[in-house]
Amino acid sequence: MALEYKVFQPKKCADEETWKVDLGAKVELFAELEKAGADRKDDLQLFLAEVVWSVVRNDLSIPHAVELISKTPVAVKEPLQRLFADALWVVGFAATEAPPRRESRDEFYQFVALLEKERVIPARLLALGLETEALPPAVCQIQTLKKKANQAKTKARYTITR
């Protein structure tokens, strides 16, 4: 069963002019949802999740998605950053744990890495909000983290048995 978009409608734009028009409409929709406040919070969260899904499903290119998010207040307002991090976690978990195809996982990893590189969402929030395997190397070295976690478990086990 294919995912149907309810709030965010991705379009594959062949030229930059079409993309700029579509970008303006999507930024305007986001502003409208944000201005509505608590009444449309669910729609705002769905909008952000659908942006991430559109990247994972290759319905929207990664650079266009990052540009879209950077044009919204997500890049400067912490509550919106947390909401976006939640959307990233939900979609990322689905894309990395049981992906229908490996490309979904790769698209998600590249998207998160570009979000961090462009400083759309702070590295600290990514580190706190995403699964360890979904973090880009610039945020956290996964092997080092796993090694430190293993050392902590070993030390705790040794201390308890002593």
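The following refers to the structure shown. (Residues numbered from 1 in each chain as written. Predicted model: local features only at pLDDT ≥ 70, side-chain atom pairs only at ≥ 80, totals over all residues. Heavy atoms only, no water.)

A separate point is the packing of aromatic side chains. Tallying each qualifying case throughout the model produces 4 aromatic pairs. The interplanar angle of 55° and the centroid separation of 6.5 Å between the aromatic rings of Phe108 and Tyr109 together place this pair among those described as tilted. Since its relative accessible area comes to 28%, Tyr109 is described here as partly exposed. Grouping aromatic residues by their ring pairs yields a cluster made of Phe8, Phe30 and Phe47. (Phe/Tyr/Trp six-rings, centres within 6.5 Å; stacked < 30°, edge-to-face > 60°. Buried < 20%, exposed > 50% of the residue type's maximum accessible area, 1.4 Å probe, protein only.)

Our next topic: the side chain of Glu67. Mapping Glu67 onto the fold places it in helix α3 (residues 62-71). Of the polar contacts made by the side chain of Glu67, one reaches the side chain of Trp19; its length is 2.8 Å. (Helix = DSSP H or I, 4+ residues; strand = E, 2+ residues; numbered from the N terminus. Polar contact = N/O pair within 3.5 Å; in protein donor to acceptor, adjacent residues only side chain to side chain.)

Turning to the packing of helix α4 (residues 78-97) against helix α5 (residues 102-117), a few remarks are in order. One can describe the packing of α4 onto α5 by two numbers: an axis separation of 9 Å at closest approach and a directional angle of 155°. One element, α4, and the other, α5, form an angle in the roughly antiparallel class. Seen from above, α4 lies across α5 with left-handed handedness. Of the residues in α5, those in contact with Phe84, Leu88, Gly92, Ala95 and Thr96 of α4 are Ser104, Arg105, Phe108, Tyr109, Phe111, Val112 and Leu115. A class-by-class count of the residues in the contact of α4 with α5 yields 8 nonpolar, 3 polar and 1 charged. (Axes fitted to C-alpha atoms, helices over the stretch in contact; angles between N-to-C directions. Parallel < 35°, antiparallel > 145°, perpendicular 65-115°, else oblique. Left-handed = near helix turned anticlockwise from the far one by under 90°. Contact = heavy atoms within 4.5 Å. Nonpolar A, V, L, I, M, F, W, Y, C, P; charged D, E, K, R; others polar.)

Don't take any of this as a statement about function, it's just geometry.
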